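# Survey of secondary and tertiary structure
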Amino acid sequence: METMLQYFEWDFPADGTLWRRLYADAGYLKDLGITMVWMPPAYKGQGGVNDTGYGVYDMYDLGEFDAKGTVRTKYGTKEEYVQAVKALGKQGIDALADIVFNHRMGADYPEEVKARTMDWSHRNTAVAPEHPVEVWTGYDFPDRHNKYSRFHWTWKDFTGTDFDQTAGKTELMEFDGKKWDSRVSKEEDNFDFIMGDDVDFQSRRVIRELYRWGRWYLSQVPVNGFRLDAVKSIDSGFFTRWLRAMRKELRQAVCRGRMVERRCASAAGVSGSQSEMHGAV
């Protein structure tokens with residue numbers, strides 16, 4: 001029987017000790033019968049040491065670079081993270097990495113673009129025509145100096161966002177020439193957008209980068225599988241292909257995803273219930 005433990009909670013203190021605690025607890029977790037550990041997002045978020053990891057800023061910074069006011073993340077440094085994962089492996093416990101692909105937050109500079117204002121309750125419906133806006137969508141990660149990746153995000157890599165700097169107000173905006181992904185939850189007519197800068201899963205450039213990042217991540221951290229965030233808001237065909245590619249890097253990857261609808265589980269090629277997707281992929 002498999003028993004998974006979520007080894008964090010939202011209000012865990014931002015003291016940088018989680019990875020060290022996990023390292024020390026590995027043997028104890030084995031004795032308890034835990035077979036899988038779901039760890040929080042390990043990359044740098046927009047809130048620095050206070051970010052839970054879901055406000056994704058730089059997925060290549062696992063607590064290594066002095067960005068957003070800190071080297072470590074809320075949970076510790078990259079070295080501590082890797083050592084914790086290795087400790088779990090020595091105890092025969094699967095380590096699940098939390099993957100947050102849906103959005104980016106905490107951009108390095110604003111850009112000017114044209115966008116339509118959309119209805120929050122009916123997100124395929126525009127309530128204002130295209131107009132100039134200034135949005136925080138430029139990411140060049142100056143503190144990382146292109147180590148690991150030279151990919152820089154611009155507004156063209158996103159479908160939309162929710163804050164107009166010029167007007168100084170929050171509103172749902174779909175960028176010029178862009179459309180929300182159609183193969184997502186139909187909540188609010190289309191639940192592609194959740195927060196921040198919404199990653200464009202129709203962009204080949206973006207897709208190539210997400211594949212490249214996945215291979216890089218597995219080369220850095222010996223995890224056994226993934227917990228996939230916001231599955232219902234990401235093109236349902238994406239993870240089928242991405243997980244197949246990641247499986248080539250691992251003999252077997254465990255996959256669990258946060259979602260709502262059965263059809264997303266089927267699209268991902270794994271079994272699932274309405275509240276959870278799970279299985280070996």
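As a reminder, the structure under discussion sits directly above these lines.
In short, a report on the structure. (Residues numbered from 1 in each chain as written. Predicted model: local features only at pLDDT ≥ 70, side-chain atom pairs only at ≥ 80, totals over all residues. Heavy atoms only, no water.)

## Looking at the nonpolar core
Nonpolar side chains in soluble globular proteins generally cluster together in the buried interior. Note the threshold: Throughout this description, the term nonpolar core refers to a set of buried Ala, Val, Leu, Ile, Met, Phe, Trp, Tyr and Cys residues connected via side-chain atoms within 4.5 Å. Burial classes follow relative accessibility: with a 1.4 Å probe on protein chains only, a residue under 20% of its type's maximum area counts as buried, one over 50% as exposed, and anything between as partly exposed. Think of it this way: any DSSP run of H or I at least four residues long counts as a helix, any run of E at least two long counts as a strand, and we number them from the N terminus.
Membership of the largest hydrophobic core comes to 70 residues, with the highest contact counts inside it found for Met39, Tyr81, Phe101, Trp213, Phe238 and Trp242. Ranked by residues supplied to this core, first place goes to helix H3 (residues 204-220) with 8 residues.

## Observations concerning unusual backbone geometry
Even without being a glycine, Phe141 presents a positive backbone phi close to 50 degrees. Assignment of secondary structure puts Phe141 in the loop between strand S8 (126-138) and strand S9 (158-164). Residue classification places Phe141 among the buried residues on the basis of a relative accessible area of 4%. Backbone geometry at His145 places phi at a positive 55 degrees, although glycine is not the residue there.

## Digging into the pattern of salt bridges
We count it as follows: What makes a salt bridge here is a side-chain nitrogen of Lys or Arg within 4 Å of a carboxyl oxygen of Asp or Glu, nothing more.
Applying the stated criterion across every chain, the model contains 15 salt bridges. Two residues, Asp98 and Arg227, come together in a salt bridge whose shortest N-O distance is 3.1 Å. Taken as a pair, Asp98 in strand S5 (residues 94-99) and Arg227 in strand S12 (residues 225-228) lie far apart in primary sequence, 129 residues in all. Between Glu187 and Lys232 there is a salt bridge, with its nearest N and O atoms 2.7 Å apart. Pair noted here: Glu187 is in the loop between strand S10 (169-175) and strand S11 (197-199) and Lys232 is in the loop between S12 and helix H4 (238-247), with a separation of 45 residues, a long-range link. Here the residues in one salt-bridge network are Glu64, Lys78 and Lys147, joined through shared partners.

## Details of the side chain of Thr70
Applied cut-off: Identification of polar contacts relies on pairs of N or O atoms within 3.5 Å, with a donor-acceptor requirement for protein atoms, meaning one able to donate a hydrogen and the other able to accept it, and with residues adjacent in sequence counted only if both atoms are side-chain atoms. Two residues qualify as a contact provided that any one of their heavy atoms is within 4.5 Å of a heavy atom in the partner residue.
Its location among the elements puts Thr70 in the loop between strand S4 (56-58) and helix H2 (78-90). Within the structure, the side chain of Thr70 is placed 2.7 Å from the backbone oxygen of Arg72, a separation counted as a polar contact. Dropping the residues within four chain positions of it, Thr70 is found in contact with Lys44, Gly48, Val49 and Phe65.

## Topic: the pairing of strand S7 (residues 109-118)
Defined as follows: Here, strands pair whenever DSSP counts at least two bridges between them.
Here S7 runs beside S8; their pairing, made up of 9 bridges, is antiparallel. Within S8, the residue paired with Met118 across the bridge is Ala126.

## Quick look at the packing of aromatic side chains
Going by this rule: Only the six-membered ring of Trp is used, alongside the rings of Phe and Tyr, when aromatic pairs are assigned; centres must lie within 6.5 Å, and planes under 30 degrees apart are stacked while those over 60 apart are edge-to-face, with the rest tilted.
Applying the stated criterion across every chain, the model contains 29 aromatic pairs. On the basis of an interplanar angle of 65 degrees and a centroid distance of 5.2 Å, the ring pair of Tyr57 and Phe141 is categorised as edge-to-face. Taken together, the residues span a long stretch of sequence, with Tyr57 in strand S4 and Phe141 in the loop between S8 and S9 at a distance of 84 residues. Here Tyr57 matches Phe141 in class, with each residue buried. Taking 6.1 Å as the distance between ring centres and 70 degrees as the angle between the ring planes, the aromatic pair formed by Phe65 and Tyr148 counts as edge-to-face. Separated by 83 residues along the polypeptide, Phe65 in the loop between S4 and H2 and Tyr148 in the loop between S8 and S9 bring together distant segments of the chain.

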